[in-house]
Amino acid sequence: MKLKAIQYIYHQELDAIYDPNEVDSFFFILAESFYNITRIKLAMNPELAIDDMEKILNGLERLKNEEPIQYIIGDTEFFGLPFKVNQNVLIPRPETEELVDWVLNHQPPTTNHQLTILDIGTGSGCIAISLAKHMQKAKVYALDVSSEALNVAKLNAKLNEAEVGFMEVDILKIEERKGVTDFKFDIIVSNPPYVREKEKEQMKANVLNNEPHLALFVEDEDPLQFYKAITKFAVNNLTDNGLLFFEINEYLGGDMVQLLKDHNFMNIELKQDIFKKDRMIKGQIA
Ligand SMILES: C[S@@+](CC[C@H](N)C(=O)[O-])C[C@H]1O[C@@H](n2cnc3c(N)ncnc32)[C@H](O)[C@@H]1O
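Please read these numbers as outputs of a predicted model, since none were measured by experiment.

Details of the site of the ligand
- Taken together, 19 residues surround the ligand, and among them Gly121, Asp144, Asp170, Ile171 and Asn191 come closest.
- In the model, an oxygen atom of the ligand is placed 3.4 Å from a nitrogen or oxygen of the Gly123 main chain.

Structural notes on the domain arrangement of the protein
- Splitting the protein by domain gives domain 1 (3-65) and domain 2 (90-284).
- Taken over C-alpha atoms, the centre of domain 1 sits 37 Å from the centre of domain 2.

Structural notes on the nonpolar core
- Leu118, Ile188, Leu244 and Phe246 are the most contacted members of the largest nonpolar core, which totals 35 residues.
- Mapped onto this core, the elements with two or more residues apiece are strand 3 (116-120), strand 4 (139-144), strand 6 (185-190), strand 8 (217-218), helix 12 (225-237), strand 9 (238-247) and helix 13 (253-262).
- By residue number, the principal contributor to this core is helix 12, which donates five residues.
- With sequence-adjacent residues up to four places away left out, Leu118 is seen in contact with Tyr141, Ala142, Leu143, Met167, Phe185, Ile187, Ile188, Val189 and Phe233.
- By size, the runner-up hydrophobic cluster in this structure holds 31 residues, among which are Val100, Val103, Leu115 and Ile187.

Thoughts on the pairing of strand 4
- Most of strand 4 is tucked away: five of the six residues are buried.
- As judged from the five bridges shared by strand 3 and strand 4, these two strands associate in the parallel manner. The residue of strand 4 that forms the bridge with Thr116 is Lys139.
- Remark: the strand 3/helix 7 (residues 126-134)/strand 4 crossover connection has right-handed handedness.

A look at the packing of aromatic side chains
- Throughout the structure, instances matching the rule amount to twelve aromatic pairs.
- Taken together, the ring pairs connect Tyr141, Phe183, Phe185 and Phe233 into an aromatic cluster.
- Its end group placed over the ring of Tyr141, Lys139 keeps NZ or CZ at 5.2 Å from the ring centre.
- Above the plane of the ring of Phe217 lies Lys200, whose end atom (NZ or CZ) is 4.8 Å from the centre.

Notes on the side chain of Thr76
- With respect to the helices and strands, the residue Thr76 is situated in strand 1 (residues 75-78).
- Given a relative accessible area of 16%, Thr76 falls into the buried group.
- Setting aside its immediate chain neighbours within four residues, Thr76 contacts Gln70, Leu81, Pro82, Phe83, Val85, Ile91 and Pro92.

Some thoughts on the environment of Lys55
- Checked against the element boundaries, Lys55 lands in helix 4 (residues 54-64).
- As a C-alpha pair, Lys55 and Asn267 span 212 residues in sequence and 52 Å in three-dimensional space.
- In contact with Lys55, not counting residues within four places along its chain, are Phe34 and Tyr35.

Observations concerning the pairing of strand 11 (residues 278-284)
- Burial analysis of strand 11 places six of its seven residues in the buried class, which makes it a mostly covered element.
- Relative to strand 11, strand 9 is paired through five bridges, and the arrangement is antiparallel. Bridged to Leu243 within strand 11 is Gln284.
- Taken together, strand 10 (residues 266-272) and the strand that follows it, strand 11, pair antiparallel across an intervening segment of five residues, in which Lys276 is found at a positive phi of about 65°.

Analysis parameters
Position numbers for residues count from 1 along each chain, tracking the sequence in the order it is written. Only residues with pLDDT of 70 or above have their local features reported here, since the model is predicted, and side-chain atom pairs are shown and tallied only from 80 upward, although totals for entire chains, interfaces and linings are computed over all residues. Side-chain measures here rest on the full set of heavy atoms in the structure, leaving out hydrogens and waters. Throughout this document, a residue counts as near a molecule or strand when at least one of its heavy atoms sits within 4 Å of that molecule or strand. Throughout this description, a polar contact denotes any pair of N or O atoms lying within 3.5 Å of each other; where both atoms belong to protein, one of them has to be capable of donating a hydrogen while the other can accept it, and for residues adjacent in sequence the pair is counted only when both atoms sit in side chains. Here the bounds of each domain stem from an automatic or database domain assignment. To define a nonpolar core, start from buried Ala, Val, Leu, Ile, Met, Phe, Trp, Tyr and Cys residues and group those joined through side-chain atoms within 4.5 Å. With a 1.4 Å probe rolled over the protein chains alone, any residue whose accessible area is under 20% of its type maximum counts as buried; one over 50% counts as exposed, and the rest are partly exposed. Secondary structure elements are defined from DSSP: runs of H or I of at least 4 residues count as helices, runs of E of at least 2 residues count as strands, and each element is numbered from the N terminus. In what follows, residue pairs with any heavy atoms lying within 4.5 Å of each other are defined as contacts. Any two strands with at least two DSSP-identified bridges between them are counted as paired. Classification remark: right-handed applies to a crossover when, strands pointing away from the viewer, the course from the first strand over the helix to the second runs clockwise. Ring pairs shown here join Phe, Tyr and Trp side chains whose ring centres sit within 6.5 Å, with only the six-membered ring taken for Trp; geometry is labelled stacked below 30 degrees between planes, edge-to-face above 60, and tilted in between. In our convention, an over-ring charge means Lys NZ or Arg CZ found within 6 Å of a ring centre and within 35 degrees of that ring's normal.

If you want it as structure tokens, here you go:
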């Protein structure tokens, strides 16, 4: 069948759900990913046809279900690096790139020990792997409770030739993991789950129905559950002057400042993202 005819079917089926420009963009992303046919190639050969239509028609069905394009092609980009994604991991977000950038701008002065970093709730491994690539002398560790997510993160470390030590750990039960609790880190960074159940209705269906709820949601009654556990861990497991970085819920900046104050952190800084939302916080251990 001619690709142009398939593009026409895409518009027929999807223009009611997406903007037609977005439909074109999806069509070309899939044509390139599945058949290596770029937009320019098709413009130059409008009669181009494919025999095996299964993939592109399956892509159409998944788009009809509002599945994110990154899951359909299995790839995304973060901090200029390629990452594999599937439904066991959150699709890395641009605001998390800002967090990585912030960490990179706060590298502690060179010490005589090797710098150690821990990423808590690593998902696709995007934070840990980007830091490992840009801080080549540091030893980077990352943990997640999900073994499926860790499989994706390990694949991504290999893909990017980054060295990261991955661990399957439940941060809410970290006291039970002696190996980890004995260790000290210069930097602890985390983008833990932070969306309250009551915020679900503001979310787009493509996120709600496809991305892992384990990565997203916390109970309304205790929205800082992960932050409390990680801050407590950081108090005992940061080196002198060590730094703690979080991505945060934009509505909970004030509570996060208080949490770090209550644990005697110094140099606390709340930072907004490019959309002027409170999105990150850092503190230094006293
Ligand atoms: C918001 S996602 C962040 C993923 C990735 N770091 C990123 O920034 O794209 C939160 C991650 O925390 C993990 N997680 C959820 N509960 C956890 C727990 N109890 N202990 C450790 N990790 C947990 C989830 O599996 C998920 O990968």
